Amino acid sequence: MEKIYITTAIPYVNGAPHVGHAMDYLLADVCSRYQKMLGNEVRFQAGTDEHGNKIFQKAKELNIPTKEYVDQNANKFKDFIKKLNVEYTDFVRTTDEAHEKRVQEIWEKLKDHIYLSKYEGWYCSGCERFITEKEYEENHGVCPDHQKPYERLEEENYYLKISDFKADIRDAIVSGKMLILPDFREKEILKLLDESPDVSISRPRAQLTWGVPVPGDDNQVMYVWVDALCNYLTVLGYPEQDIADFWPALAQFVGKDILRFHAIIWPAILLALGLELPKTLVSHGMVLSNGQKMSKSIGNVVDPLEVLEKHGTEAFRYFFLRHIDTFSDSDFTWEKYENAYNNELANDLGNLVQRLATLAYKNNFVYEKAEISLPDEYRDLMKEFKFNLAFDFVWGKVQDVNKQIDDDAPWSLAKNGETKKLNEALNSEISNLLIANKMLEPFLPETSAKIAQIFTNQIDPPKEPLFPKTK
Ligand code: MSP
C-alpha cells in the first residue's frame, strides 16, 4: 500500500462557484477514488484562497466585513464540493490561523533566497501579478483575461530568487521528474521559465491590507500567490509536522491559466525549502459556455447548482468527466448536456441494466460471482491521467454489452428452451457488465454501487430506471 497525496487549486472566494471550478475537484476525485481502488491510502486536499485585493474590494462594495464575506463564500464552496460527491480529506482556508502562522514560518525558511528591491513596471490587478515589458507589448497594454489596462507601479517589494533554481526546475521538467501534463503545455512552460525574472513576493501594506504580514517587516504583506501555493504544505501540518509520508504529491490538479505559478514559483519555493517537487502537475482546460469564455458581462456563466438540480450529481459527473476533455478547452451547452443524459446515461447504461436484470430475473438466473481484474488499457489511461479517454473506454465496454445482448438474443433462447445456452449468455453478459461497472466506480460511484447491488447472486431488477428519460 502506498500513501498518496492529491491536491486541487484553491479558488478565490470573491464569488460563488461556477461550473469551471468543478474540474479540479472532479479530476482529483477520480484520481483519488482510483488510487483507493488500487488499495492505496489517499490524502486529498481542497480549500479556499481568501486573501488579496479582489476579495477585499468585493466585500467593501457589498458593505460586509471582509471576514464575514469570506466565511459565507467559503461555505458555498464546501457545499458545492459535497454536492459533487467529492471525497476530500483535508480542507484549508488561507485565513485559517494555523495556515497564516505556517506561511510565516515558511517565509523565514526562504530567507536565503529573498531580497528587497524596488519594482517599477506593469501590474494586472485581475491576475494579481506583475507583467513583463514583453507581455505588455504583446497584449498592447490590456490584460486579455480581464480586459483591463495594466497599471503602472513603482514600489518596494521582496523578491524570490527564481534565478537560483531555474536550472534545477528545467532539469526536473525535462527529465520527467516533475511531469507536466498535457505534453503540449511543457514547451510553453520551459519558454516562460527561461524568460522568468525573479518574482516579487510581497506588496507594500498600503497596497494590500488583506493578507499575511511579512514577518519582521510591518510595511510589507505577502503576495497572495505565495500565501496560496503554500496551502499544499500547511494543510499537511508543515513545517512543524513531518510530511514525508505524503509529500511529494502524486498529482496536483490546476487549470491551464494558473499552471505558470505552479510550474515556476511553486517549484522554486519547494527547492528553497529543500523539499521534493510534485510528481505530476496536471493542467486541465477551460469549460466554455456556448463556445465562449464564461463571463458575467457576456451573461453566459453557467450556474453549477442549476446543472446539479437538473439531473443530479451523477449526471453532472458524467458530463464533466467524459464530455469535457481532461486537458483541452471544451464546451458546455444545455443541449449537449440533455443529449448526453438521455442518449447515453439513460439509454446506453440505464436501459441496459434494466433489461439485463429483468431477463435474469424472469429466467431465475443465479449469477456466480467472479473475480474482476481491470483491463490493462484502462489502467494505462488512468495512470496517464487521461480520464476522459478512460471514461470513453469504459463506455465502449457498456456499448459492447448492449451489442452482445442483441446478438445473443437471450429471449429467443428462453423461448426455445435452450437453457444451457441461455445461462451461458446471461453469465457472460453480466460478467462483462460488471467489469465495465468496476471501471466506472471512480467516475460514477453511486451508480456503480447500485449496479453492483442489483447484480448480486439473486438478481433484483430496479423498481425505477436508474436515469429516468426526459425526452
Ligand atoms: N486562487 C487561485 C488558485 C490558487 S492555487 C494555489 C485561482 N482561483 S480561481 O478561482 O480563479 O480558479 C480556481 C480553479 O478553477 C483554477 O484551477 C482555475 O483554472 C479553475 N477554473 C476557473 N475557471 C474555469 C473554467 N471556466 N473552466 C475550467 N476551470 C476553471 O486561480
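What you see as residue numbers is a count from 1 along each chain, following the sequence as written. For this predicted model, a pLDDT threshold of at least 70 governs which residues receive local features, and a threshold of 80 or more governs which side-chain atom pairs are given and counted, while totals over whole chains, interfaces and linings are taken from all residues. Each side-chain value is derived from all of the structure's non-hydrogen atoms; neither hydrogens nor water enter the calculation.

### As for the packing of aromatic side chains
Between rings of Phe, Tyr and Trp, where Trp is taken as its six-membered ring, a pair exists when centres lie within 6.5 Å; planes separated by under 30 degrees are stacked, by over 60 edge-to-face, and by other angles tilted. Under the defined criterion, the tally for this structure stands at 29 aromatic pairs. Pairing Tyr-318 with Trp-395 gives two aromatic rings, centres 4.9 Å apart and planes at 55 degrees, and the pair type is tilted. Residue Tyr-318 is located in helix H11 (residues 304-323), and its partner Trp-395 is located in helix H14 (residues 387-408); the two are separated by 77 residues in the primary sequence. Comparing Tyr-318 with Trp-395 shows no difference in burial state: the two are buried. Strands are runs of DSSP state E lasting at least 2 residues, helices are runs of H or I lasting at least 4, and numbering of each runs from the N terminus. The buried label applies to any residue whose accessible area, calculated with a 1.4 Å probe on protein chains only, is under 20% of its type's maximum; exposed applies above 50%, and partly exposed to all values in between.

### Observations concerning H11
Given a rise of 1.5 Å per residue, 20 residues ought to cover 28 Å, yet the end C-alpha atoms of H11 are separated by just 16 Å, more than 12% below that figure. Residues adjacent in sequence count toward polar contacts only when both atoms are side-chain atoms; beyond that, a polar contact is any pair of N or O atoms within 3.5 Å, and within protein one must be able to donate a hydrogen and the other to accept it. The backbone nitrogen of Leu-305 lies 2.9 Å from a side-chain oxygen of the residue at the head of H11, namely Asp-303. To estimate the expected span of a helix, subtract one from its residue number and multiply by 1.5 Å.

### Notes on the side chain of His-99
Within the secondary structure, His-99 sits in helix H4 (residues 97-110). Accessibility expressed as a relative area gives 2% for His-99, which makes it buried. Residues count as neighbours in contact if any of their non-hydrogen atoms are within 4.5 Å of one another. Ignoring any residue separated from it by four or fewer positions in sequence, one finds His-99 in contact with Val-92, Arg-93, Thr-94, Asp-227, Cys-230, Asn-231 and Thr-234.

### Description of the pattern of salt bridges
Salt bridge, as used here: a side-chain nitrogen of Lys or Arg that lies within 4 Å of a carboxyl oxygen of Asp or Glu. Applying the stated criterion across every chain yields a total of 33 salt bridges. Here Asp-392 and Arg-322 are joined by a salt bridge, their closest N and O atoms 2.7 Å apart. Of this pair, Asp-392 sits in helix H14 while Arg-322 sits in helix H11; the two residues are 70 residues apart in sequence, bridging distant segments of the chain. Taking relative accessible area as the criterion, Arg-322 reaches 15% and is therefore assigned buried. Close ionic contact of Lys-421 with Glu-418 constitutes a salt bridge, the shortest N to O distance being 3.8 Å.

### Description of the layout of surface pockets
Definitions used for this entry: grid spacing 1 Å over protein atoms alone; cavity, a set of points where a 1.4 Å probe fits but cannot get out; pocket, an open set with protein on both sides within 12 Å along at least 5 of 7 lines; lining residue, one with an atom within 4 Å of a point. Grid points are joined across faces, edges and corners, and a volume is the space filled by probe spheres set on the points. Here the second largest pocket defines a volume of roughly 320 Å³. In terms of lining residues, the second largest pocket is bounded by 17 residues, among which Lys-369, Ile-372, Leu-434, Lys-438 and Ala-452 are the most central. Mapped by element, the contributors of at least two residues to the lining of the second largest pocket are helix H16 (419-440) and helix H17 (445-454). The element contributing the most residues to the lining of the second largest pocket is H16, with 5 residues. A class-by-class count of the residues in the lining of the second largest pocket yields 9 nonpolar, 4 polar and 4 charged. Three residue categories are used. Nonpolar comprises Ala, Val, Leu, Ile, Met, Phe, Trp, Tyr, Cys and Pro, charged comprises Asp, Glu, Lys and Arg, and polar comprises the others, including Gly.

### Notes on the domain arrangement of the chain
By a widely used convention, the size of an interface equals the accessible area lost when the partners come together. Per the domain assignment, the segments making up the chain are domain 1 (3-285) and domain 2 (333-454). With 14 residues of domain 1 at the interface, the matching set in domain 2 holds 13 residues. As used here, buried area is the combined drop in accessible area, with a 1.4 Å probe, of two parts when they are placed together. Of the roughly 1,100 Å² buried at the junction of domain 1 and domain 2 (both faces included), carbon and sulfur atoms supply 79%. When residues of domain 1 are sorted by the area they lose upon contact with domain 2, Val-30, Tyr-34 and Met-37 head the list and together hold 53% of the total. The interface formed by domain 1 and domain 2 holds 0 salt bridges in total. Counting the contacts that link domain 1 with domain 2 gives 0 residue pairs in polar contact (both at pLDDT 80 or more). Those elements giving two or more residues to the side of domain 1 that touches domain 2 turn out to be helix H1 (22-37), strand S11 (251-255) and strand S12 (280-284). The start and end points of each domain follow an automatic or database-based domain assignment.

### Details of the nonpolar core
By convention a nonpolar core is built from buried Ala, Val, Leu, Ile, Met, Phe, Trp, Tyr and Cys residues, the set being connected through side-chain atoms within 4.5 Å. Counting residues in hydrophobic clusters, the biggest one holds 151 residues, and the most contacted among them are Phe-316, Phe-320, Tyr-378 and Phe-455. Here the element with the most residues in this core is helix H12 (residues 334-362); it accounts for 12 residues. Composition of this core by domain shows at least three residues from each of domain 1 (3-285) and domain 2 (333-454). Every residue in contact with Phe-455, bar those within four places of it in the chain, is listed here: Val-353, Leu-356, Ala-357, Tyr-367, Ile-430, Leu-433 and Leu-434. Core analysis: the second largest hydrophobic core is formed by 6 residues, Trp-122, Cys-127, Ile-131 and Cys-143 among them.

### A word on the state of the cysteines
The disulfide definition used here is simple: a pair of cysteine sulfur atoms within 2.5 Å. Per the counting criterion, the structure on display carries 0 disulfides. Here Cys-127 stays free of any disulfide, with the sulfur of Cys-124 as its closest cysteine sulfur at 3.6 Å. Unpaired in terms of disulfides, Cys-143 finds its nearest cysteine sulfur in Cys-124, a separation of 3.8 Å.

### Topic: the environment of Asn-73
With respect to the element layout, Asn-73 can be found in helix H3 (residues 66-83). Residue classification places Asn-73 among the buried residues on the basis of a relative accessible area of 2%. A polar side-chain atom of Asn-73 sits 2.7 Å from the main-chain carbonyl oxygen of Val-13.

### Description of the environment of Glu-309
With respect to the helices and strands, the residue Glu-309 is situated in helix H11. Judged by its relative accessible area of 68%, Glu-309 is exposed.

### A look at the site of the ligand
Any residue with a heavy atom lying within 4 Å of a molecule or strand is counted as near it. Taken together, 24 residues surround the ligand, and among them Ile-10, Asp-24, Asp-49, Asp-257 and Val-287 come closest. A distance of 3.2 Å separates an oxygen atom of the ligand from a polar atom in the backbone of Tyr-12. For the ligand, an oxygen atom lies 2.9 Å from a polar atom in the backbone of Gly-255. Calculation of accessible area relied on Shrake-Rupley with a 1.4 Å probe; when residues are assessed, cover is drawn exclusively from the protein chains displayed. Here the ligand, which alone exposes 660 Å², has 91% of that area covered by the protein. Broken down by secondary-structure element, the contributors of at least two residues to the shell around the ligand are helix H8 (224-229), helix H9 (231-234) and S11. At 3 residues, H8 tops the list of elements feeding residues into the shell around the ligand. In the shell around the ligand, the residues fall into 13 nonpolar, 8 polar and 3 charged.

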